[in-house]
Amino acid sequence: MNFMEFVLFLQLESYTNLLNMSTTTLQIRVEDSLKEQAMALFERLGLDLPTAIRIFLKKSVSENGVPFEIKEKPRVSIAGLEALYALNAEAVRTGKAGLTEEEIEAEIALAHAENN
């Protein structure tokens, strides 16, 4: 079953369920611009916003979780920045700052050769 067949199936199932089950109204607050962007996207996909939200909810229930990966933005610590600045200062002091990728690879290969 391709995506559009799945969407049509969910729409038909939703209408069938409306006849057989009680429903509830779900109200959410979102920024106007987000709503407009989402509505435009779903319209291009042949969906209205309520159907798209139902698809998300049904998929979440069927997967027993959010149907996509949620990642936390990487955090930059003060200690990490201090270490980066220290490495940069060392590179400037030793004349290694501004090396090309090839020069860096050559430095690494030389260090490996010296250690083996």
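Structure report, in brief.

1. Topic: the overall build of the chain
Along the backbone of the chain there are five helices and zero strands. The linear arrangement of helices and strands in the chain, starting from the amino end, is α-α-α-α-α. For the chain, buried positions account for 9% of its 116 residues. Across the chain, every contact between residues at least 6 apart in sequence was considered, and the portion connecting residues at least 24 apart equals 48%. Accessible surface computed for the chain: about 10,300 Å², of which carbon and sulfur atoms make up 59%.

2. Observations regarding a negative patch on the surface
A cluster of acidic residues, E101, E102, E103 and E105, forms a negative patch at the surface. The class for E101 is exposed, based on a relative accessible area of 58%.

3. Looking at the pattern of salt bridges
When charged atoms on two side chains of opposite charge get close, those side chains can pair. Tallying each qualifying case throughout the model produces three salt bridges. In this structure, the salt-bridge partner of E63 is K59, at a minimum N-O distance of 3.2 Å. Taken together, the residues E63 and K59, both in helix α3 (residues 49–63) and four residues apart, mark about one turn of the helix. According to the relative accessible area criterion, K59 is partly exposed, its value standing at 33%. For K96, the salt bridge is made with E107, and the minimal N-O distance between the two is 2.9 Å. Linking K96 in the loop between α4 (78–93) and α5 (101–115) with E107 in helix α5, this pair joins segments that are 11 residues apart in sequence. Judged by its relative accessible area of 36%, K96 is partly exposed.

4. Observations concerning the environment of V66
For V66, the position within the fold is in the loop between α3 and α4. Take V66: its relative accessible area is 41%, and that puts it in the partly exposed class. With 10 residues separating them along the chain, V66 and F56 place their C-alpha atoms 8.4 Å apart.

5. Observations concerning α4
Taking 1.5 Å of rise per residue, 16 residues should cover 22 Å, and α4 covers 22 Å from first to last C-alpha, within 8% of that figure. Of all 16 residues in α4, one are buried, a share of ten percent or less.

6. So, the packing of aromatic side chains
Under the criterion given, the structure shown has one aromatic pair. Here the aromatic rings of F56 and F68 are separated by 6.1 Å at their centres, their planes lie at 35°, and the arrangement is tilted. With a gap of 12 residues between them, F56 in helix α3 and F68 in the loop between α3 and α4 connect regions that are remote in the sequence.

So, how was this worked out
Residues numbered from 1 in each chain as written. Predicted model: local features only at pLDDT ≥ 70, side-chain atom pairs only at ≥ 80, totals over all residues. Heavy atoms only, no water. Helix = DSSP H or I, 4+ residues; strand = E, 2+ residues; numbered from the N terminus. Buried < 20%, exposed > 50% of the residue type's maximum accessible area, 1.4 Å probe, protein only. Contact = heavy atoms within 4.5 Å. Areas by Shrake-Rupley, 256 points an atom, 1.4 Å probe, with all protein chains shown as cover. Patch = residues over 30% accessible without salt bridge, like charges linked within 9 Å, V, L, I, M, F, W, Y side chains within 5 Å. Salt bridge = Lys/Arg side-chain N within 4 Å of Asp/Glu carboxyl O. Lys, Arg positive; Asp, Glu negative; His and termini not counted. Charge placed at Lys NZ, Arg CZ, Asp CG, Glu CD. Expected span 1.5 Å × (residues − 1). Phe/Tyr/Trp six-rings, centres within 6.5 Å; stacked < 30°, edge-to-face > 60°.

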